[in-house]
Amino acid sequence: MRKLNTFRANSSGQLLIVAALIIALMISSTTIYVYELDKGAGYSNSPTFADFALSLKQSTRNVMIGALANASNGGYRTVLSENLNHFSDLVRRLNQFGVCNLTCSLFEDSVYDLGIWFSWNSSDVDVSGAYADFGLMIDGFASRVSVPYAINATTSLASNCSYVLEGTEKHVNVTCRLYNEEEPALAKSIVVSYESAGNWIQISGTTIDYDNGTYLISITVPSDAAQVLLNVWDSRDIFVQAKHAL
Amino acid sequence: MRNENAGQIRIIEAVFAVFVIFSAFAVTANLPAAQNTSRTNDLSSVGLQVLVKLDSDGSLGRNLDQENWTVLRESLNLALPAGISFNMTAYDEQMHEVNTAVISNGGFGSQEVSFTEYICASRGLTLKCYVIHLCLAVTQ
């Protein structure tokens, strides 16, 4: 018993060191655990990663807008798939976050053909639109992330036409409202023509710009003019056409 | 002799124990890399956000198409927060440098330089893509 007490008394300092070592080990392991946890979370939820996906989405939108502008100005509808495939090839070369792979699926239904929809010369609203679904897959160094998104680029033109017949002339007022993705948008150019005796004749009239995507165009045409044609380009160079009977 | 020195030995042991615990704190405090990475990530994030903002109306691609390097430099100067140095380089798809002028607002005074890569697709009727490398640093 006395020996045990002597042993305890002699070993109390060593126990202190052992206890200190255990405490040091606990402090180190806890700190390293928290550090690793932060590091892991920092990678997968890094704001830069979210911004990276957002930036690719922005670039994809630009590709679609450019392709729609091309197709609406007389290009082939296939330009959309060609440009998107080209862009996907470029995205594959990025490796800031890992191996990137962008897949796209062009929307197809009764109005969309190869992801593009043109509805011109209808009664009220005329549309040039493009729609596609995308899947961005990033095989990162630590994780695999998939970001699905859809892009819709649409220019629509709502217009109405009225006229007053005075002698051998018709005073025509055309009101246009231009939208980009259902938001009011400014026009880059508006060209007005009328049809007379089977010929289309370009005419310049008075245009009032309300600076909110609304335009009032006043023209005077011969009384035999049968139709008025509006050719409108928005600020993105996307073309849309409207036709009104007089 | 042993009994006489026992008190001193225990003090030495206690000091050693305290040293062990403090060394644990000292070792774990030497993990600032995560904070630095986070700060660099923040700067990269700012750079990417600015490029996305400039590209949101297609002006970034348009200025690259038209080789408006001065306009690009001024746009970045305005869009980035004060106190940040930048150096932008634009490459074509074959990674040939396209900017013939330096797009920068001065030298980097900081050792912490963040890097941002961005693919810019211009909205022209013919598709043109650029790879933009933007380096940012906090001005000291």
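Residues numbered from 1 in each chain as written. Chains lettered and ligands numbered in written order. Predicted model: local features only at pLDDT ≥ 70, side-chain atom pairs only at ≥ 80, totals over all residues. Heavy atoms only, no water.

**Q** Talk me through the overall build of chain A; I want residue IDs and the actual numbers.
**A** For chain A, the helix and strand inventory stands at 3 helices and 12 strands. Contacts in chain A between residues at least 24 apart in sequence constitute 63% of all its contacts with a sequence separation of at least 6. Accessible area of chain A: about 12,700 Å², with a carbon and sulfur share of 55%. (Helix = DSSP H or I, 4+ residues; strand = E, 2+ residues; numbered from the N terminus. Contact = heavy atoms within 4.5 Å. Areas by Shrake-Rupley, 256 points an atom, 1.4 Å probe, with all protein chains shown as cover.)

**Q** I'd love a proper account of the side chain of A:Asn180, names of residues and values included.
**A** Residue and element names in this part refer to chain A. Among the secondary structure elements, Asn 180 is positioned in strand β5 (residues 169-180). Residue classification places Asn 180 among the buried positions, given a relative accessible area of 12%. Once you skip the residues sitting within four places of it in the chain, Asn 180 turns out to touch Thr 154, Thr 155, Ala 185, Asp 234, Ser 235 and Arg 236. (Buried < 20%, exposed > 50% of the residue type's maximum accessible area, 1.4 Å probe, protein only.)

**Q** Could you give me a rundown of the sheet that holds strand β12 (residues 239-245) of chain A, with the residues and numbers involved?
**A** The strands that make up a sheet pair up through hydrogen bonds in the backbone, lying either parallel or antiparallel. Residues and elements named next belong to chain A. Taken in spatial order, the 4 strands of this open sheet run β8-β7-β11-β12, and their pairing is antiparallel. Lying at the two open borders of the sheet, with one neighbouring strand each, are β8 (199-203) and β12. Between one strand axis and the next, the sheet turns by 25 degrees as a mean value, whatever way the strands run. Here strand β7 (residues 187-196) runs beside β8; their pairing, made up of 5 bridges, is antiparallel. In the sheet register, Ser 193 faces β8, and the bridge partner there is Gln 202. (Pairing = 2+ DSSP bridges. Axes fitted to C-alpha atoms, helices over the stretch in contact; angles between N-to-C directions.)

**Q** Summarise the interface of chain B and chain A; cite the residues concerned and give the values.
**A** Listed by partner, the interface residues are 37 residues for chain B and 41 residues for chain A. Sorting the residues of chain B by area buried against chain A places B:Ile119, B:Arg123 and B:Leu125 first, and these three jointly supply 20% of that buried surface. At the surface where chain B touches chain A, the tally comes to 10 residue pairs in polar contact (both at pLDDT 80 or more). Contributions of two or more residues to the side of chain B that touches chain A are made by α1 (2-29), α2 (33-55), β3 (113-121) and β4 (129-138) of chain B. In the side of chain B that touches chain A, the residues fall into 21 nonpolar, 9 polar and 7 charged. (Buried area = accessible area lost by both parts, 1.4 Å probe. Polar contact = N/O pair within 3.5 Å; in protein donor to acceptor, adjacent residues only side chain to side chain. Nonpolar A, V, L, I, M, F, W, Y, C, P; charged D, E, K, R; others polar.)

**Q** Can you break down the confidence of the model for chain A residue by residue, with the values?
**A** Residues and elements named next belong to chain A. When pLDDT is averaged along chain A, the result is 87; 89% of the residues meet or exceed 70. Least confident of the elements in chain A is helix α1 (residues 2-44), whose mean pLDDT is 68; most confident is strand β10 (residues 214-222), at 95. In the predicted structure, residues 41-45 sits below a pLDDT of 50 and forms 8 contacts with residues beyond four places in sequence or in another chain. (pLDDT = per-residue confidence, 0-100.)

**Q** How would you sum up the packing of aromatic side chains? Please name residues and give values.
**A** Residues and elements named next belong to chain A. For the structure on display, the rule yields 8 aromatic pairs over all chains. Between Tyr 112 and Trp 117 the ring centres are 5.6 Å apart and the planes differ by 55 degrees, which places this aromatic pair in the tilted class. What makes Tyr 112 buried here is its relative accessible area of 10%. Through a chain of ring-to-ring contacts, the aromatic side chains of Phe 107, Tyr 112, Trp 117 and Tyr 131 assemble into a single cluster. Positioned above the aromatic ring of Tyr 163 is the side chain of Lys 170, whose terminal nitrogen or guanidinium carbon lies 5.0 Å from the ring centre. (Phe/Tyr/Trp six-rings, centres within 6.5 Å; stacked < 30°, edge-to-face > 60°. Lys NZ or Arg CZ within 6 Å of the ring centre and 35° of its normal.)

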